[in-house]
Each structure stands twice: as C-alpha cells, then as structure tokens.
Amino acid sequence: MLQIDNFINGSFKAASSGRRFDKRSPVDNKIIASIAEASAADVDEAVKAARAALHGEWGSMSQETRVGLLYEVADEITRRFDDFVAAEMEDTGQPEHVMKHVFIPRGAANFKVFADVIKNVPTESFMTDTPDGRGALNYGLRVPKGVIGVISPWNAPFLLMTWKVGPALACGNTVLVKPSEETPFTAALLGEVMNKVGIPAGVYNVLNGFGPNSAGEFITSHPGVDAITFTGETRTGSAIMKAASEGTRDVSFEMGGKNAGIVFADADFDAAVDGIFRSAFLNTGQVCLGTERVYVERPIFDKFVTALKAKAESVKFGRPTDAGVNYGPLISREHQNKVLSYYNKAVEEGATVVTGGGVPQMEGELAEGNFVQPTIWTGLPETAAVVKEEIFGPCCHISPFDTEEEVVAKANDTEYGLSTTIWTTNLNRAHRVTARIDVGISWVNSWFLRDLRTAFGGTKQSGIGREGGVHSLEFYTELRNVCIKL
Ligand code: NAD
C-alpha cells in the first residue's frame, strides 16, 4: 500500500511519534494509503527548517533566480502531468476531464502567474519637502512576511493549495502546508517536484494530519509561524483566528458560501441552464463558489426546472477512469452522511423533490462508494435549512421571483458573501444587479471563469482579505517604507 510521509527540510520522513492514519478511496471506501500524522515535534522541526531557509540560500537568492525556479516548478508539474492527474483522481474520485482541464493545469499556472506578478508590480515612491530645502526620498520595499502556514481543504486540493504556495514562494516566504487529511497525495508529489528543480530544503514543507490537537492546530498555534492562510469552513476559520490572535499574526481566509444563481427571463435560456447546471453540480457540488440557491424569473420558471432536471438526471456515475463516466462521489462517508441528512431535512421541511434525494444504485465495489444523486428541490420558504445553510453537495433549491428588488433582497439574505452568477441579456440590468449583491465575486453569463490576476475572496462570513494578482502581495509581503534624507 502507498505510504505517504511528511516532507520536512527537503526529506520525506515518518512521524516522530510513529503515528499514521488511513486514506480511503471515495469510490469504494477501500484503504488506499497510509499517511504519517505529524506531531508537534515534527511541526517544530519544519518551522526551524523554514526559518533557516529564510536566513539562508532562499532568503539571499535574487528575485530573478527565485522566479526562474518557480517557472521550473510549473514546468516540472507539467512534465509529470499524468502523475498529478492520477494522484488527484485517486484522492478525490472526481472525473479525469476536470483534473486534466482545470485542477492540475491551474495548479501549475499558480506558480507562473505569481512569479510574473512579483517581477512586474512596482512599489510607491514620494519626494518629501524638508525645511532645509534638500528634501527626502521615500520608497517602498516589499519584503517576505516570513514562515507562512497554509491550511487547505479537500475539494480541489492541488489548485487551492498552490493558489497559496505559488504567491507565498514568489514573494520569498517559506511555507508549512497542511493538506486536508482527506486528500494528501498531490502535496506530497509537489515535494518531489521541489527537490527535482532545486528549491532549497526548508522552503516547502508538508505536515499531514487533522485539525484540532493535530498538525492543523500545531501549525496555527506555533509562535514561529508568522501568518496563516486558510481555505475551508467558516467554523474552522473561527478556531484558526483564535489561534492566530496569540502573537497577533495576520490571517487570510477563504471560507464557506451559500451562493445565489439568478436567471432573468431574458437570459439565453440554454446557456443559463448549462451554467447553473455546472455551478450547482460540478465536482459533485463540492465547490465553494457553487450555487445552492437558484432564483428564476417566473415566466420561465417551470421550463427552467424541467430543463435542469433533465441534465441532472443524465450524469453517469462511476470510477473516474471508467469510459463515459462524468460524475464522481463525495469525498468521504462522513460528508455523504452530512449531505444525505440535508436531503432528508428538505423532505421534512416540505420540499418538492424534483429529482434525486438519495443514493444512486451502484454495482459491486462501487456500492460502498460515497455516491449521492444530484438533487433539485422547489417549494421551500427562504427560512428552510437547505436554503440557508451550506450543504456542499450536488443540490440546489429553485424558487421563482417577480422583481429585481425581490431577488436582490433574497440573494443578500445570507450570512455568507462569496459569489453569485447572474444570467441576463440586458446589460444595464447586469451592471445594476451585480452592484447590489454583497459578494466578493460576481459572474454575469458565466461561472468559475477565472483570471488569476483578479481579486478573489468573500465578504461577510465567506472570508477575510483578497488573494489573486497584486492582491496576494498584500498578504504575502510586508511593505517597508525607506525614507532617505537627501
Ligand atoms: P475544513 O474547515 O473542515 O478543513 C479545512 C482544513 O482545515 C483541513 O486541512 C483541516 O484539517 C483543517 N482544520 C480543521 N480544523 C482545524 C483547526 N482547528 N486548526 C487548524 N486547522 C484545522 O474544510 P473542508 O471540509 O476541508 O472544506 C470544505 C469547506 O471549504 C467548505 O465550507 C467550502 O465552502 C470551503 N471552501 C472555501 C473556498 C473559498 O475559496 N472560499 C474554497 C474551497 C472550499
């Protein structure tokens, strides 16, 4: 069986405590790997290595050499593309085409994009008048923040982890990465890539384990970690924020969502159905930007529900490598139970189940997998739990609306503020409505179309701070002002 160890100071190592945990396949729940669970002593060793790298070769390396190395990291990921695709597929059970076309290429791109950003972004400079008439020159210097703790989730493991590691390293920091306990494979593979291309030891470290009383907490509460970037559930963000308050360390948080999709009657109907289908059901609904609340203007409501139902019923479940399969399982039995409990709750709350609501009939070993049916509900009030709470599964509630005023109020009636997707051919309306919806990312006639130079993040309980493009530099560097009296 595959053994995955921690990656500390450039070497793969078993846990100093000897502890390991099992990794199960989402498609059949068989144990497929044994993972070393990092102890507090392992985290401490990694922090010391990361600090030493900052004061050593990595810290004194020219920017040109550093960004050149990050380009090589991206190229080496591309050379080992098939290994990364296979690892991520085994870890998540998600279909090959998503891995090949989105998750792995975007992971590689994260190293190039931020290497380019750091090379090209200027800092400010001011000439200051002084009483002696000679003046002073002020200029900004961007310096690395230090040792960064990177805590990442399981839903797009490689993309979301490199989204943080790419800019952190481009800015000259060192990192301690804690991948989700559910998906440790690609973070380990990236360790091999780092060594292959000559990233100095201690710059990239991977500590596997869980949250509380395990690697997650050991990293976030370690005084030698200068800042923490986290993607995951809002509840976990609160726990991490408490840990970060010791030593008043900086945080960047990308958290949960309960995103609204809005379809106006003037939308390109087929494009809107395709778009909402993707936003509600891609990655088995395990996308933070996904749409679990859909609002459709009344004249096209029935037609829209029928069309989305037909698409939801056309998915083909199975192993990611099996021919024709385009739909994977949920990540774990625990998550399957959570999603199914919401499926039951919807019925208790009086929903009309348009489609789904249970587990698909699977043959042989796959009957043990974490599969659930894509599910659509109608008929619930806005106060229903499945309309209010993030489920993070392949499901959505669809309700009709009559006016712009009404749909904006409904879209905003949530504690979250991550994203929205709006479908209309009326450009005035598109501008008007996006301006009024309180989210970090608004898509019009599209969804999940990302330019990595743009700001990414959420309002309200969906996040703190923005990452992406120059915005990542705000978190991953300190801006030092130098004032020279002339
Ligand atoms: P999670 O919060 O359970 O876990 C995320 C990570 O935090 C894991 O590595 C976990 O081990 C670690 N962790 C848990 N408790 C911890 C603690 N006390 N201290 C330190 N680390 C701890 O989230 P998940 O279930 O892995 O991911 C799903 C969630 O992530 C959803 O809520 C989803 O919306 C959110 N998400 C948000 C974005 C975004 O960009 N806003 C992107 C993807 C996922």
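An account of the accompanying structure is given in this report. Bear in mind that the values here come from a model prediction, so they are computed numbers and not experimental data.

**A closer look at the overall build of the protein**
- A tally of regular secondary structure across the protein gives 16 helices and 23 strands.
- Expected size for 486 residues packed as a compact globule is a radius of gyration near 23 Å; at 23 Å, the protein falls within 12% of this value.
- Its C-alpha atoms give the protein principal-axis dimensions of about 75 × 65 × 40 Å.
- Relative to its 486 residues, the protein shows a buried fraction of 58%.
- Across the protein, contacts joining residues at least 24 apart in sequence account for 75% of those joining residues at least 6 apart.
- Element-wise, carbon and sulfur atoms account for 52% of the exposed surface of the protein, whose accessible area totals about 19,200 Å².
- For the protein, the centre of its 47 positive side-chain charges and the centre of its 60 negative side-chain charges are spaced 2 Å apart.

**Focus on the packing of aromatic side chains**
- Summed over the entire model, instances satisfying the criterion amount to 16 aromatic pairs.
- Here the aromatic rings of Phe 7 and Tyr 204 are separated by 6.0 Å at their centres, their planes lie at 50 degrees, and the arrangement is tilted. Remark: Tyr 204 occurs in strand 10 (residues 204-206) and Phe 7 occurs in strand 2 (residues 6-8); sequence separation between them is 197 residues. Like Tyr 204, Phe 7 is buried.

**Things to note about the side chain of Thr 174**
- In this fold, Thr 174 is placed in strand 9 (residues 174-178).
- Classification of Thr 174 as buried rests on a relative accessible area of 0%.
- Every residue in contact with Thr 174, bar those within four places of it in the chain, is listed here: Ala 50, Ala 53, Leu 54, Trp 58, Gly 146, Val 147, Ile 148, Leu 169, Gly 202 and Val 203.

**Re the packing of helix 10 (residues 269-281) against helix 11 (residues 301-312)**
- Between helix 10 and helix 11, the shortest axis-to-axis distance is 10 Å and the interhelical angle comes to 55 degrees. Regarding the angle of helix 10 to helix 11, the classification is oblique. Crossing handedness for the pair helix 10 and helix 11: right-handed. In this structure, helix 10 contributes Phe 269, Ala 272, Val 273, Asp 274, Ile 276, Phe 277 and Phe 281 to the contact, and helix 11 contributes Lys 303, Phe 304, Ala 307, Leu 308, Lys 311 and Ala 312.
- Class assignment for the residues of the contact of helix 10 with helix 11 results in 10 nonpolar, no polar and three charged.

**Notes on empty space enclosed by the protein**
- Applying the stated criterion across every chain yields a total of five cavities of 30 Å³ or more.
- The computed volume of the largest cavity comes to approximately 190 Å³.
- Looking at the largest cavity, it is lined by 18 residues, and the ones nearest its centre are Arg 106, Leu 159, Leu 160, Phe 448 and Phe 456.
- At the level of secondary structure, the elements contributing two or more residues to the lining of the largest cavity comprise helix 5 (96-120) and helix 6 (157-170).
- Residues of the lining of the largest cavity, tallied by class, amount to 11 nonpolar, four polar and three charged.
- Around the second largest cavity sit 16 residues that line it, and Arg 293, Ala 411, Thr 414, Tyr 416 and Val 439 are the ones nearest its centre.

Rules of the game
Residues numbered from 1 in each chain as written. Predicted model: local features only at pLDDT ≥ 70, side-chain atom pairs only at ≥ 80, totals over all residues. Heavy atoms only, no water. Helix = DSSP H or I, 4+ residues; strand = E, 2+ residues; numbered from the N terminus. Rg over C-alpha atoms; globule rule 2.2 N^0.38 Å. Buried < 20%, exposed > 50% of the residue type's maximum accessible area, 1.4 Å probe, protein only. Contact = heavy atoms within 4.5 Å. Areas by Shrake-Rupley, 256 points an atom, 1.4 Å probe, with all protein chains shown as cover. Lys, Arg positive; Asp, Glu negative; His and termini not counted. Charge placed at Lys NZ, Arg CZ, Asp CG, Glu CD. Phe/Tyr/Trp six-rings, centres within 6.5 Å; stacked < 30°, edge-to-face > 60°. Axes fitted to C-alpha atoms, helices over the stretch in contact; angles between N-to-C directions. Parallel < 35°, antiparallel > 145°, perpendicular 65-115°, else oblique. Left-handed = near helix turned anticlockwise from the far one by under 90°. Nonpolar A, V, L, I, M, F, W, Y, C, P; charged D, E, K, R; others polar. 1 Å grid on protein atoms, 1.4 Å probe; cavity = no way out; pocket = protein on both sides within 12 Å on 5 of 7 lines; lining within 4 Å. Points joined across faces, edges and corners; volume = space filled by probe spheres on them.

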